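Here is how the chains run, residue by residue.
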Amino acid sequence: MKNLLKVVLVFALAAGLTACKKNVKDDANADLTAGTGTEMVLEETEVVAEVPAQEVALGVVHFALDKYTLSSDARKIVEANAQAIKSAASMANYTVTVEGNCDDRGTIAYNIALGQKRADEVKAYYVRLGIPAKNITTVSYGEEKPVCYEASQSCWAQNRRADTLLKVN
């Protein structure tokens, strides 16, 4: 009996709420100028759309085995990257991330340290070329982000690198 009473109360409540529902269509079609004394006020709101940041990968700098110094070819790549960064800097806020990478030979600790030295070396050259140090971050991935997975000299050479990512806001 109590359950039946609960069900009847729920239905009565639902019916009452349905009866109170406004007819939106009638409200939208109502003539507000028909002397009802109701005045419609419109407010302007500013819509601000955020443009998502764009991340661009720039030229890749490669390193010799167990080295972190920049070769003359590597310097040319960093110089070209710096020009691209300076062009982007004139238009918007930006950040640069230099990612140091290694091949999979050596210990994890050694590769993390070597990857950091490579990233730091590229960053230092960017700073010498006029890119503000405050806009550049470095990270070492060691051997964790290979681009080639074969156990060969040419593949290992591809993984010994520093990637530069330009993020324009």
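Refer to the structure printed above.
All values reported here derive from a predicted model rather than from experimental measurement.

1. Brief notes about the overall build of the protein
Looking only at helices and strands, the protein has five helices and five strands in total. Mapped from its N terminus to its C terminus, the protein presents α and β elements in the order α-α-β-β-α-β-α-β-α-β. For the protein, restricting intrachain contacts to residue pairs at least 6 apart in sequence, the fraction spanning at least 24 positions comes to 75%.

2. Focus on the side chain of Arg-160
With respect to the element layout, Arg-160 can be found in the loop between helix H5 (153-159) and strand E5 (161-168). At 3.3 Å, the side chain of Arg-160 forms a polar contact with the side chain of Asp-103. Residue contacts for Arg-160: discarding those within four places in its chain leaves Val-61, His-62, Phe-63, Ala-64, Leu-65, Asn-101, Cys-102, Asp-103, Arg-105 and Arg-118.

3. With respect to helix H4 (residues 108-128)
With 21 residues, H4 extends 30 Å from end C-alpha to end C-alpha; this agrees with the ideal 30 Å at 1.5 Å per step. Buried within H4 are the following residues: Asn-111, Leu-114, Gly-115, Arg-118, Ala-119, Val-122, Tyr-125 and Tyr-126. Each buried residue of H4 sits inside an arc of 135° when the element is viewed along its axis, so together they form one side. Turned more than 90 degrees from where H4 packs its buried face, Ala-109 and Arg-128 sit exposed. Looking at the buried residues of H4, the elements they touch are helix H3 (72-89), strand E3 (94-101), strand E4 (136-142) and E5. Immediately downstream of H4, the backbone of Gly-130 shows phi near 105°, a positive value.

Parameters at a glance
Residues numbered from 1 in each chain as written. Predicted model: local features only at pLDDT ≥ 70, side-chain atom pairs only at ≥ 80, totals over all residues. Heavy atoms only, no water. Helix = DSSP H or I, 4+ residues; strand = E, 2+ residues; numbered from the N terminus. Contact = heavy atoms within 4.5 Å. Polar contact = N/O pair within 3.5 Å; in protein donor to acceptor, adjacent residues only side chain to side chain. Expected span 1.5 Å × (residues − 1). Buried < 20%, exposed > 50% of the residue type's maximum accessible area, 1.4 Å probe, protein only. Arc of directions from axis to C-beta.

Read these as layout, nothing more, since geometry by itself doesn't imply function.
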